[in-house]
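Structure assessment
What follows is each chain in one-letter form.
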Amino acid sequence: ASSAGIEVTAALAPLTFPLGESKVTVSADHVRWMDEPSGNDRSALVRIDRGESSILLTGDITAGGEIAALYDPGTAAMLRGADVLQIPHHGSDGSSSPLFLREVLPAVALISVGENHYGHPSPEVLSRLETLGCHILRTDRDGTVQLTTPGDGVFTIRTEGGVP
């Protein structure tokens, strides 16, 4: 980005800015609570709020990154009560800890995953999400997932190209 002349801002503390009718909050502050964060745990957390609707994007953080995010007061605040959660680390059993999921309490869980030899998403993570009553969407089964909302807390979900 910097080589293209685009200003780069490190989101060490939660950084909030408007984007159209939405508010975007970005933070990577959780890494300061970790002794040796992995490359995955350096993922920025992004929350998008539009009116009463919210989506939390977690990148590829592991359970360690989740706990660190819950430990950081600024980052923990942005996790709470997201309507839609992009499930961390492709739903591996090394993520989506019960504590993290109970804090976020999403109504919809999005799992970005394709055919893989890791066994993602893990049956344990799927069970945790089902226990919470989440509507689960998976790119390996549902294809591209599109969410829209006018900001009233209700999302329209459209999927395309799922695996038959």
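One structure accompanies this document, and this report is about it.

Definitions and limits used
- Numbering of residues starts from 1 in every chain and runs along the sequence as written.
- With pLDDT at 70 or above as the cut-off, local features in this predicted model cover only qualifying residues; side-chain atom pairs require 80 or more to be listed or tallied, and sums for whole chains, interfaces and linings still use all residues.
- The side-chain values count all of the structure's non-hydrogen atoms but skip hydrogen atoms and water molecules.
- A carboxyl oxygen of Asp or Glu within 4 Å of a side-chain nitrogen of Lys or Arg is what we treat as a salt bridge.
- Working definition: helices are DSSP H or I runs of at least four residues, strands are E runs of at least two. Numbering for both runs from the N terminus.
- Residue burial is assigned from relative accessible area. The probe radius is 1.4 Å, only protein chains are included, and a residue is buried under 20% of its type maximum, exposed over 50%, and partly exposed in between.
- Patch members must show over 30% relative accessible area and no salt bridge, and they are joined within 9 Å when carrying like charges or within 5 Å when they are nonpolar side chains of Val, Leu, Ile, Met, Phe, Trp or Tyr.
- Areas reported as accessible are Shrake-Rupley estimates using a 1.4 Å probe. Residue values count occlusion only from the protein chains shown.
- Residues grouped as a nonpolar core are buried Ala, Val, Leu, Ile, Met, Phe, Trp, Tyr and Cys residues, joined through side-chain atoms within 4.5 Å.
- What makes two residues a contact is simply this: any of their non-hydrogen atoms within 4.5 Å.
- Comment: arc refers to directions from the helix axis out to C-beta atoms.
- Note on pairing: two strands pair once DSSP finds at least 2 bridges between them.
- When the strands point away from the viewer, a crossover counts as right-handed if the path from the first strand over the helix to the second runs clockwise.

1. Regarding the pattern of salt bridges
In a structure, side chains of opposite charge can pair up when their charged atoms sit close to one another. Taken as a whole and judged by the stated rule, the model has five salt bridges. The residue Glu-103 makes a salt bridge to Arg-80 at a minimum N-O spacing of 2.5 Å. With Glu-103 in helix α3 (residues 98–104) and Arg-80 in the loop between α2 (73–79) and β5 (84–86), this pair connects stretches of sequence that are 23 residues apart. Where Glu-160 meets Arg-158, a salt bridge forms, and the shortest distance between an N and an O atom there is 2.3 Å. Residue classification places Glu-160 among the partly exposed positions, given a relative accessible area of 37%.

2. Describing a nonpolar patch on the surface
A surface patch of nonpolar side chains, amounting to about 250 Å² of accessible area, comprises Leu-15, Phe-17 and Leu-19. You can see Leu-15 is positioned in strand β1 (residues 15–19). Note on Leu-15: relative accessible area 33%, which makes it partly exposed.

3. Overview of the nonpolar core
Ranked by size, the top nonpolar core spans 20 residues in total, and within it Leu-56, Leu-79, Leu-85, Ile-87, Phe-100, Val-104 and Leu-129 carry the most contacts. Counting only elements with at least two residues in this core, the list comes to α1 (63–71), α2, α3, β6 (108–111) and α4 (123–131). Once residues within four sequence positions are removed from consideration, Val-104 is found in contact with Leu-56, Leu-79, Arg-80, Gly-81, Ala-82 and Leu-85. In this structure, Ile-55, Val-84, Leu-137 and Phe-155 belong to the second largest nonpolar core, which totals six residues.

4. Some details on α4
Among all positions in α4, only Val-125, Leu-126 and Leu-129 are buried. For α4, the angular spread of the buried residues around the axis is 100°, confining them to a single face. In α4, the exposed positions angled more than 90 degrees off the buried face are occupied by Pro-123, Glu-130 and Thr-131. If you follow the buried residues of α4, they end up packed against α3, β6 and β7 (135–138).

5. Points about the pairing of β6
Residues Val-108 and Leu-110 of β6 are buried on one face, and the alternating residues Ala-109 and Ile-111, pointing to the opposite face, are buried as well. Inspection of the sheet shows β5 paired to β6 by three bridges, in the parallel sense. Its bridge partner being in β6, Gln-86 is matched across the sheet by Leu-110. One ladder, built from four bridges, connects β6 with β7; its direction is parallel. What sits directly across from Ala-109, in β7, is Ile-136. Viewed along the sheet, the connection from β6 through α4 into β7 turns out right-handed.

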